[in-house]
Amino acid sequence: QVQLVESGGGLVQPGGSLRLSCASSGIIFSRHAMRWYRQAPGKQREWVATISSDGFTNYASSVKGRFTISRDNAKNTVYLQMTSLKPEDTTLYYCNTVWNTRDYWGQGTQVTVSS
């Protein structure tokens, strides 16, 4: 059974940094692209970043230059390093992968950017 568990969210001041983690199980992690999404209440889920199985990365324009996605295949974990955080980054962040044509999601971790 595929499981994704996010952690690392919290309250941070504008301009601050956080690192989110997503630990996976039930998949051969190194073979899978991993993604981060975010979703604010009442809004559609928004794609944030992707890292391929080969380590290639891609970012939404709203976070490019501020966020960095990375992976540690030995730990079956994907990370999202967030810097220069803005109040509009406040929301729930989810990690995602696809296995056997099905999307899998974690439970989400809350990031709040506020002074």
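Residues numbered from 1 in each chain as written. Predicted model: local features only at pLDDT ≥ 70, side-chain atom pairs only at ≥ 80, totals over all residues. Heavy atoms only, no water.

Moving on, we come to the state of the cysteines. Inspection of every chain in the model, using the stated rule, returns one disulfide. The residue that forms a disulfide with Cys22 is Cys95, at a sulfur-sulfur distance of 1.9 Å. On the sign convention where negative means left-handed, the S-S torsion of about 45° between Cys22 and Cys95 marks this disulfide as right-handed. In this pair, Cys22 sits in strand β3 (residues 18–25) while Cys95 sits in strand β9 (residues 91–99), placing the two residues 73 residues apart along the sequence. Classification of Cys22 as buried rests on a relative accessible area of 0%. (Disulfide = S-S within 2.5 Å. Helix = DSSP H or I, 4+ residues; strand = E, 2+ residues; numbered from the N terminus. Buried < 20%, exposed > 50% of the residue type's maximum accessible area, 1.4 Å probe, protein only.)

Turning our attention to the pattern of salt bridges. In total, this model carries three salt bridges according to the counting rule given. With a shortest N-O distance of 2.9 Å, Arg38 and Asp89 are connected by a salt bridge. Placement of Arg38 in strand β4 (residues 34–39) and of Asp89 in the loop between β8 (77–82) and β9 is noted, with a sequence separation of 51 residues between them. Note on accessibility: Arg38 and Asp89 belong to one class, buried. A salt bridge links Asp89 to Arg66; its shortest N-O distance comes to 2.7 Å. Taken as a pair, Asp89 in the loop between β8 and β9 and Arg66 in the loop between β6 (57–59) and β7 (67–72) lie far apart in primary sequence, 23 residues in all. Its relative accessible area of 11% is what places Arg66 among the buried residues. (Salt bridge = Lys/Arg side-chain N within 4 Å of Asp/Glu carboxyl O.)

Let us now look at the nonpolar core. As a rule of thumb, nonpolar side chains are buried together in soluble globular proteins. Residues Trp36, Leu80, Met82 and Tyr93 are the most contacted members of the largest nonpolar core, which totals 27 residues. Among the elements of the structure, β3, β4, β5 (46–51), β7, β8, β9 and β11 (109–113) are those that each provide at least two residues to this core. (Core = buried A, V, L, I, M, F, W, Y, C linked by side-chain atoms within 4.5 Å.)

The strand order across the open sheet built from four strands is β1-β3-β8-β7, with neighbouring strands paired in antiparallel fashion. Looking at the sheet topology across the chains shown, the edges are occupied by β1 (3–7) and β7. On average, each strand axis in the sheet is tilted by 15° relative to the strand beside it, whichever way the strands run. Judged from the six bridges that link them, β7 and β8 form a sheet pairing that is antiparallel. Bridged to Phe67 within β8 is Met82. (Pairing = 2+ DSSP bridges. Axes fitted to C-alpha atoms, helices over the stretch in contact; angles between N-to-C directions.)

Our next topic: unusual backbone geometry. You will see that Asn76, though not glycine, has its phi angle at about 55°, which is positive. For Asn76, the location among the structural elements is in the loop between β7 and β8. Positive phi is not limited to glycine here, since Thr101 has a value of about 70°. Position of Thr101 among the secondary structure elements: in the loop between β9 and β10 (102–105).

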